[in-house]
Amino acid sequence: DELQVRGWGSMDLDVKAVVNRDGAIYLPNIGAVSLAGVRHAQAESVIRRAISRYYRDVQLSVTLGRLRGITVYVVGQARKPGAYALSGVSTLITGLFASGGPNATGSMRHILLKRDGRQIADLDLYAFIARGEKGSDIRLQDGDTIVVPPAYGYVAIAGVVSNPAIYEIAASGETIGSMLSVGGGLPAVADAKK
C-alpha cells in the first residue's frame, strides 16, 4: 500500500511512502514509522506523533495512494461466482457484494469465509441488514474463498406483522418467536397469543 504524506510548517514534507513488508514507512529526516496493525483513520495520528519527536508546529495530511490488490474467490450459490480482484482493505461483506450477493437459492444466513482450508467466519446477512451488526465482517486476505451455501429453508410470515415476507430459516432449531423477531416483531395491534 502507499500513503501520500504532506507536512508543512516548521518543516516541509511531500512523500509517497510505500508500506514495506514489516508494515512500516520511511520518512526523510524522521526514519521508519511502524504502521503495522494501524487502521487508515489512525495512520495520521501515528505519523504525527513520530514527526512531533523532531519538529514542532507541523500541519499534516495523510491520504491513501495506491492500494495493494488481492484476489478473492466467491463460490457456491452466489449471483456471479468467480475470482474477484479487490482492494487490500476489502471485507467479507464488500467481497460478497462484489459478486452480487446470494442468488435466489443461496443462504443469507450463513455466508462462510475460508482461508487456508479452514472456516474462519460465518456471517448472517440478516443481522447486518436489520441491525447493522458487523461482528463477523472481517478483512479479506489474498486467496480467501467466500462460500455461499444453499439456504436451509424458508418460512412465510403474513398477517398482522411488522414486515410480512418470506424469510430464510437459519437452522433446524428456529422458533416462531425467533422468526418473528427477524421480521421486525409484532405491531402493537397484533395479538401475540394467537
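Unlike most non-glycine residues, Asn29 shows phi in positive territory, near 65°. Looking at where Asn29 falls in the secondary structure, it is placed in the loop between strand S3 (24-27) and strand S4 (31-34). With a phi angle near 55°, Asp57 is a residue other than glycine that sits in the positive phi range. Its location among the elements puts Asp57 in the loop between helix H1 (40-52) and strand S5 (58-64). Using a relative accessible area of 69% as the deciding quantity, one classes Asp57 as exposed.

For the rest of this paragraph, the subject is the environment of Leu13. Along the chain, Leu13 falls in strand S2 (residues 13-18). By relative accessible area, Leu13 is classed as buried at 7%. When the C-alpha atoms of Leu13 and Leu27 are compared, they prove to be 8.6 Å apart, with 14 residues separating the residues in sequence. If we ignore the near neighbours within four places in the chain, the residues touching Leu13 are Val5, Arg6, Gly7, Pro28 and Ile51.

Calculation notes
Residues numbered from 1 in each chain as written. Predicted model: local features only at pLDDT ≥ 70, side-chain atom pairs only at ≥ 80, totals over all residues. Heavy atoms only, no water. Helix = DSSP H or I, 4+ residues; strand = E, 2+ residues; numbered from the N terminus. Buried < 20%, exposed > 50% of the residue type's maximum accessible area, 1.4 Å probe, protein only. Contact = heavy atoms within 4.5 Å.

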